[in-house]
Amino acid sequence: MTNMTDDVVTCTTRINDLVLAPIISRTRPHGDPSWLSADQVGEAAVAVALAPTVRDEHITLNTVEDLEAELARMRR
């Protein structure tokens, strides 16, 4: 019989959230040059999913500069 406590301790679920400013996309092709593109949002989501050190974080990405800083942090 397995112990429920053992299952909880070994759980590797991570919950993170990305808070985004307006996004440049197919439906909004023009905007402030500092805004993220839809592709960059995808890049950020993949980076968070692949970075095991990012655990239970609230990540705000308002500009391309924010994205670059977070990607650099995740690669360390």
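All values reported here derive from a predicted model rather than from experimental measurement. (Residues numbered from 1 in each chain as written. Predicted model: local features only at pLDDT ≥ 70, side-chain atom pairs only at ≥ 80, totals over all residues. Heavy atoms only, no water.)

Draft legend 1. Just helix α2 (residues 38-50), in detail. The end-to-end C-alpha separation of α2 is 19 Å, in line with the 18 Å expected for 13 residues at 1.5 Å each. Burial in α2 covers these residues: Val41, Ala44 and Val48. The arc enclosing the buried residues of α2, seen along the axis, measures out at 60°, which places them on a common side. Facing away from the buried surface of α2 by more than 90 degrees, the exposed residues are Asp39, Ala49 and Leu50. (Helix = DSSP H or I, 4+ residues; strand = E, 2+ residues; numbered from the N terminus. Expected span 1.5 Å × (residues − 1). Buried < 20%, exposed > 50% of the residue type's maximum accessible area, 1.4 Å probe, protein only. Arc of directions from axis to C-beta.)

Draft legend 2. Molecular detail of the pattern of salt bridges. All chains considered together, the criterion is met by two salt bridges. In this structure, arginine 73 engages glutamate 57 in a salt bridge whose closest nitrogen and oxygen atoms are separated by 2.8 Å. Taken together, the residues arginine 73 in helix α3 (residues 64-75) and glutamate 57 in the loop between α2 and β4 (58-61) connect sequence positions 16 residues apart. Residue arginine 73 pairs with glutamate 70 through a salt bridge whose shortest N-O separation is 2.7 Å. Here the residue arginine 73 and the residue glutamate 70 both occupy positions in helix α3, the gap between them amounting to three residues, near one helical turn. (Salt bridge = Lys/Arg side-chain N within 4 Å of Asp/Glu carboxyl O.)

Draft legend 3. Inspection of the environment of asparagine 62 at higher detail. Within the fold, asparagine 62 resides in the loop between β4 and α3. For asparagine 62, a relative accessible area of 36% translates into the label partly exposed. In this structure the C-alpha to C-alpha distance between asparagine 62 and serine 34, which are 28 residues apart in sequence, comes to 8.1 Å.

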